[in-house]
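Overview (structure and organization)
One-letter residues, chain by chain:
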Amino acid sequence: MAKIRLDKAVADYAGITRSQARELLKSKRVAVDGRMEKLFDYKFDPEHQSLAVDGRELCAVRHLYLMLHKPQGYLSATRDRRAPTVLDLVPPEYRRKGLFPAGRLDQDTEGLVLLTDDGQLAHRILSPRRHIPKTYFVTLDRPMTCQMAERFAAGMDLGGGEVSSPARLEISGEDPCSGRVVIYEGIYHQIKRMFQRCGAQVVYLKRLAMGGLWLDEALEPGQCRPIAEEEKNRLFMGETD
């Protein structure tokens, strides 16, 4: 959305005339991003700035939420000197200040990453108290076993003083070396370390879902798209607290 003159923005959002809007500006009753502004021709950006009159919000900043199918080889970071990051995959029309990945996904892991400029929502997703489930497709270098599933369900000592919470391992009926894992926390390299404790190595890992938000199968690796409000609400489906 293009920037517009502030007097026009106030008039449009408040439902008043341009002259009335200018009187409000002269009287220092208009705030942009919480700061008083009185210039009629100030360029207001409805997409990235908030607008209020006498403390009453007229236009709130609209946050951006992108579902990205992260390929292998990209860092879940905003910038890095040595490797490409997930932000390098964002098309120009979706790039904006403050965009970041809500949570990390290992460089050699592909799948669902949520990109947003909404810090409050990201905090809710990443908070250890939320226990939002994250679902992964995993392939090992050896067949999965019922004993592995039992150890996952009980939680396990990962070493270094870290102990995982109970997780769920579902073995594929078609390929015993593959299955789905659901975890409720974000310990560093958690899934890989859990399987290592079971004597197996992860050879392929893909995140399929965060909460009830599943990766769009139509998205090729490297592609992204905005998510709808209803999809955003699915992020908190299945949380245990």
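The structure we're discussing is the one just above.
Residues numbered from 1 in each chain as written. Predicted model: local features only at pLDDT ≥ 70, side-chain atom pairs only at ≥ 80, totals over all residues. Heavy atoms only, no water.

**Topic: helix α2 (residues 18-26)**
- Those residues of α2 lying buried are Ala21, Leu24 and Leu25. The arc that holds every buried residue of α2, seen down its axis, measures 100°, which confines them to one face. α2 presents Ser19 and Lys26 as exposed residues on the side facing more than 90 degrees away from its buried surface.
- Contact partners of the buried residues in α2: α1 (6-14), β2 (30-32) and β5 (51-53). (Buried < 20%, exposed > 50% of the residue type's maximum accessible area, 1.4 Å probe, protein only. Helix = DSSP H or I, 4+ residues; strand = E, 2+ residues; numbered from the N terminus. Arc of directions from axis to C-beta. Contact = heavy atoms within 4.5 Å.)

**Quick notes on the state of the cysteines**
- Evaluation of the coordinates by the stated rule reveals zero disulfides.
- Unpaired in this structure, Cys146 has its nearest cysteine sulfur neighbour in Cys198, at a distance of 12 Å.
- Given a relative accessible area of 54%, Cys146 falls into the exposed group.
- In this structure Cys177 is not part of a disulfide, and its nearest cysteine sulfur, from Cys198, lies 14 Å away. (Disulfide = S-S within 2.5 Å.)

**Observations regarding the sheet that holds β5**
- Reading across the sheet, the four strands line up as β3-β2-β5-β6 and stay open at both edges, with antiparallel pairing between neighbours. If you trace the sheet from one side to the other, it starts and ends with β3 (35-36) and β6 (56-59), each paired once.
- Inspection of the sheet shows β2 paired to β3 by two bridges, in the antiparallel sense. Counterpart to Ala31 in the pairing with β3 is Met36.
- In the packing of α1 onto the sheet, contacts are made with β2, β5 and β6, and the angle to β5 comes to roughly 70°. (Pairing = 2+ DSSP bridges. Axes fitted to C-alpha atoms, helices over the stretch in contact; angles between N-to-C directions.)

**Section: the packing of α1 against α2**
- Running from amino to carboxyl end, α1 crosses α2 at an angle of 110°, the nearest separation of the two axes being 8 Å. The orientation of α1 relative to α2 falls into the category roughly perpendicular. Our pair here, α1 against α2, has a crossing hand that is right-handed. On α2, the residues touching Leu6, Asp7, Lys8, Val10 and Ala11 of α1 are Arg18, Ala21, Arg22, Leu24 and Leu25.
- When the residues that make up the contact of α1 with α2 are grouped by side-chain class, the tally is six nonpolar, no polar and four charged. (Parallel < 35°, antiparallel > 145°, perpendicular 65-115°, else oblique. Left-handed = near helix turned anticlockwise from the far one by under 90°. Nonpolar A, V, L, I, M, F, W, Y, C, P; charged D, E, K, R; others polar.)

**Brief notes about the pairing of strand β9 (residues 110-116)**
- Of all seven residues making up β9, seven are buried, and the element is well covered by its neighbours.
- Bridge count for strand β8 (residues 100-101) against β9 is two bridges, and the pairing is antiparallel. Its bridge partner being in β9, Pro101 is matched across the sheet by Leu115.
- Two strands pair when backbone bridges link them, and β9 and strand β15 (residues 202-210) are joined in this way by two bridges, in the parallel orientation. If you follow Gly111 over to β15, its bridge partner there is Arg207.

**A word on the nonpolar core**
- Core analysis: the largest hydrophobic core is formed by 32 residues, its most contacted members being Leu115, Val138, Phe152 and Phe195.
- Mapped onto this core, the elements with two or more residues apiece are β7 (65-70), β9, β10 (134-140), α4 (146-154), β14 (178-183) and α5 (190-197).
- Sequence-distant contacts of Phe195, that is, excluding residues within four places in its chain, are made with Val138, Leu140, Met144, Met148, Phe152, Leu169, Val181, Ala200 and Val202.
- Judged by nonpolar contacts, the second largest core, of 16 residues, contains Leu112, Ile125, Leu215 and Leu219. (Core = buried A, V, L, I, M, F, W, Y, C linked by side-chain atoms within 4.5 Å.)

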